[in-house]
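Close look at the chain arrangement
Residues per chain, in single letters:
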Amino acid sequence: MIPVNVVTGFLGSGKTTLLREILRAPAFSDSAVIVNEFGEVGLDHLLIEEVEEGVLLLDSGCICCTVRSDLQETIRDLQAKAARGAIPSFARVIVETTGVADPAPIVSTIAAEPVIRQHFRIGNIVACVDGVNGAATLDAHPEPEKQIAVADRILVTKADIADAGALAAVEARVAALNPLTPMARSTGAGFDPEFLFGDDVGDAARRAAEVSRWLALSEQAGADGHAHHSDHTAGTQSFVLRYPDRIDWTAFGVWLTALLHAHGEKILRVKGILNVRESDTPVVIHGVQHVVHPPMHLNAWPDDDRESRIVFITRGLDKSRILRSLSAFIGEPTPGRTADAADRVS
Ligand SMILES: Nc1nc2c(ncn2[C@@H]2O[C@H](COP(=O)(O)OP(=O)(O)OP(=O)(O)O)[C@@H](O)[C@H]2O)c(=O)[nH]1
C-alpha cells in the first residue's frame with residue numbers, strides 16, 4: 001500500500017519551499033508529488049521530460065503533476081501510468097494543498113475511493129506553520145488552527161529569520177492546539193524530510209515507534225499542563241481519557257462509529273491505544289473527523305502501562321459529553337487520571 005501524505009499550511013507558510021527540499025533529497029526520489037498549480041512551485045529548472053500531459057519526471061527522479069480535475073482522478077491516473085510503465089513506480093505520494101484548504105476532506109476523499117483504497121493508504125498530514133507570522137495568522141484566520149489540529153507532524157518554518165520570542169510563541173500555540181504531534185523547526189534549506197515521512201501513522205512496520213512517540217508526548221503534555229486562550233482557539237480542547245478495565249472492542253467500535261457519525265466535524269483528531277478483551281496485545285485507533293483509519297494491532301505493548309488511553313482534539317464538543325457517553329459503553333475511567341493536568345483547554 002502506497003502512503004498518500006498531505007502537506008498543508010497557511011498561505012506563505014513554506015509548503016512549496018518544503019516540497020523543493022523533498023524533491024532534492026535522494027532518499028525521496030521515489031515520490032510522486034501532486035500540486036495544485038505548477039507555476040507556483042517553480043519547478044521548471046528541475047524538469048527534464050514531460051511524460052504525458054500534466055505529468056513530469058523531475059531530474060530528482062520524482063514524478064510531479066497537477067490536480068487538474070480532482071484528486072481522486074489524479075491519483076488513479078498516476079497509478080495507471082505507473083502500472084503500464086509510462087512513469088516510474090513510486091513509493092509514496094505527497095499532495096500539497098492550497099493554503100486555505102481544510103486537509104480533512106482531502107483525507108476522506110482519498111480514504112473513500114474504493115479503487116484508490118486497493119493500492120493506497122493515508123500517510124502523514126504535515127502542517128507547515130510560519131515561525132514569523134504564525135501567531136498573528138492563528139489570530140486572524142480559522143484555517144491554520146484546524147490544519148495544526150489534524151496534523152501528524154508539524155514543521156515550524158522560517159526559524160532562521162524569526163526572532164526567538166516569536167518562534168517560542170508560535171511553538172507554544174501549536175503545542176496547545178495539538179500537544180501530541182512531533183514538531184520540528186526548519187530554516188528553509190537542508191531539512192531532512194525523514195522526520196515528516198519516515199514513520200507514518202498508517203505504516204504497519206513502524207507503528208510501534210509511532211505509538212511510543214505520541215504516548216511519550218501525551219505523558220509530557222500531562223506533566224507540563226499549560227493552557228492557552230484566544231478568541232480563535234476558544235472551543236478547541238485536547239484531552240486524554242484513560243480506562244483501567246479491558247475494553248469490549250465491539251462496544252467501543254459501535255460507540256466510535258456513532259460518535260463520528262453524529263459529531264465527526266467536531267472531532268478534529270482521535271487516537272488511542274486500547275487494551276481490548278479480545279487480544280493480549282494493544283489495538284491502535286486513529287481518526288481524522290469522519291474518517292477512521294483501520295484499527296491496527298501492535299505486536300507488543302510499547303511500555304508497562306496497560307491502561308487504555310484515548311486522546312481527543314475537539315472543537316465545539318465538550319469533554320464531559322464524550323466522557324459520559326464513552327463511559328456508558330466501556331465502563332468508568334481511571335479515577336483521578338482522566339481529569340488531571342493532561343486535560344487542557346485551548
Ligand atoms: N528564510 C526563510 N524563508 C522561508 C522559509 N520557508 C519559506 N520561506 C520563504 O517564504 C515565502 C513563502 O514560502 P512558500 O514556500 O512559497 O510558501 P507556501 O506555503 O508554498 O505559499 P502559498 O503557495 O502562497 O500557500 C517564500 O519567499 C520562501 O522563500 C524558511 O524556512 N526560511
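Residues numbered from 1 in each chain as written. Predicted model: local features only at pLDDT ≥ 70, side-chain atom pairs only at ≥ 80, totals over all residues.

Considerations on the overall build of the protein
Our working definition: Counting from the N terminus, the helices are DSSP H or I runs at least four residues long and the strands are E runs at least two residues long. Burial is judged by counting other C-beta atoms within 10 Å of a residue's own C-beta: 20 or more means buried, 12 or fewer means exposed, and anything between counts as partly exposed, with every C-beta placed from the backbone.
Helix and strand content of the protein: 12 helices and 16 strands. The buried share of the protein, reckoned over its 346 residues, is 42%.

Side note on unusual backbone geometry
In this structure, Lys-158 is a non-glycine residue whose phi angle is positive, near 65°. Within the secondary structure, Lys-158 is located in the loop between strand E8 (153-157) and helix H8 (164-177).

Some remarks on the UniProt feature "domain: CobW C-terminal" (unreviewed entry) in the protein
Convention followed: UniProt positions are given in the numbering used here, feature names are shortened, and annotations may be inferred rather than shown by experiment.
Those places that UniProt annotates as "domain: CobW C-terminal" (unreviewed entry) correspond, in this numbering, to residues 236-330. In residues 236-330, helix accounts for 28% and strand for 36%; the two terminal C-alpha atoms are 25 Å from one another.

Side note on the pairing of strand E15 (residues 308-315)
Where we set the bar: Strand pairing is assigned whenever DSSP detects at least two bridges linking the two strands.
Burial analysis of E15 places 7 of its 8 residues in the buried class, which makes it a mostly covered element. As judged from the 8 bridges shared by strand E10 (residues 236-243) and E15, these two strands associate in the antiparallel manner. Considered in E15, the bridge of Ser-238 is made with Ile-313. Examined bridge by bridge, strand E11 (residues 267-274) and E15 share 6 bridges and lie antiparallel to one another. For Val-270, the partnering residue across the bridge sits in E15 and is Phe-312.

Considerations on the pairing of strand E5 (residues 63-66)
Pairing of strand E2 (residues 31-35) with E5 involves 4 bridges; the strand directions are parallel. Across the sheet, Val-35 pairs through a bridge with Thr-66, a residue of E5. With 3 bridges joining them, strand E4 (residues 55-58) and E5 adopt antiparallel strand pairing. Opposite Leu-56, over in E5, you have Cys-64 as the bridge partner. In this antiparallel pair of consecutive strands, E4 and E5, the connection spans 4 residues, and Gly-61 shows a positive phi of 100°.

Remarks on the nonpolar core
What counts, and what does not: Joined through C-beta atoms within 7 Å, a set of buried Ala, Val, Leu, Ile, Met, Phe, Trp, Tyr and Cys residues constitutes a nonpolar core. Each domain span listed reflects an automatic or database assignment of domains. Contact criterion: two residues are in contact if their C-beta atoms, reconstructed from the backbone, are within 7 Å.
Counting 80 residues, the largest nonpolar core has Val-33, Ile-154 and Val-174 as the members making the most contacts within it. If one sorts the elements of this core by residue count, strand E7 (residues 120-130) sits on top with 7 residues. Built from parts of two domains, this core gets at least three residues from each of domain 1 (2-200) and domain 2 (207-345). For Val-174, the residues in contact, after removing those within four places along its chain, are Val-129, Ile-148, Ile-154, Val-156 and Met-183.

With respect to the environment of Gln-72
Take Gln-72: it is sitting in helix H3 (residues 71-83). Residues Gln-72 and Pro-103 lie 31 residues apart in sequence; the distance between their C-alpha atoms is 14 Å. With sequence-adjacent residues up to four places away left out, Gln-72 is seen in contact with Thr-109, Glu-113 and Ile-116.

Focus: helix H12 (residues 319-330)
Within an α-helix, residues lying three or four positions from one another point in the same direction, as the helix has 3.6 residues per turn. Heads up, the condition is: The span expected for a helix works out to 1.5 Å for each residue beyond the first.
With 12 residues, H12 extends 16 Å between its outermost C-alpha atoms, agreeing within 8% with the 16 Å of an ideal straight helix rising 1.5 Å per residue. The inward-facing, buried residues of H12 abut E10, helix H11 (249-263) and E15. Phi turns positive one or two residues past the end of H12, at Gly-331, with a value near 100°.

Comments concerning the packing of H11 against H12
Describing two packed helices takes the angle between their axes plus the distance from one axis to the other. Short version of the rule: Every angle, taken between N-to-C directions, lies between 0 and 180 degrees, and every axis is a line fitted to C-alpha atoms, over only the stretch in contact when it is a helix. By definition in this entry, angles of less than 35 degrees are roughly parallel, angles greater than 145 are roughly antiparallel, angles of 65 to 115 are roughly perpendicular, and the rest are oblique. Crossings are sorted by hand: turned counterclockwise from the far helix by less than a right angle, the near helix makes the crossing left-handed, and turned clockwise it makes it right-handed. Three classes are used: nonpolar for Ala, Val, Leu, Ile, Met, Phe, Trp, Tyr, Cys and Pro, charged for Asp, Glu, Lys and Arg, and polar for all others, with Gly counted as polar.
Between H11 and H12, the shortest axis-to-axis distance is 9 Å and the interhelical angle comes to 155°. In this view, H11 runs roughly antiparallel relative to H12, as classed from their interaxial angle. Crossing handedness for the pair H11 and H12: right-handed. From H11, Ala-251, Phe-252 and Trp-255 reach across to H12, where they touch Ser-325, Leu-326, Phe-329 and Ile-330. Looking at the contact of H11 with H12 residue by residue, the class counts come to 6 nonpolar, 1 polar and no charged.

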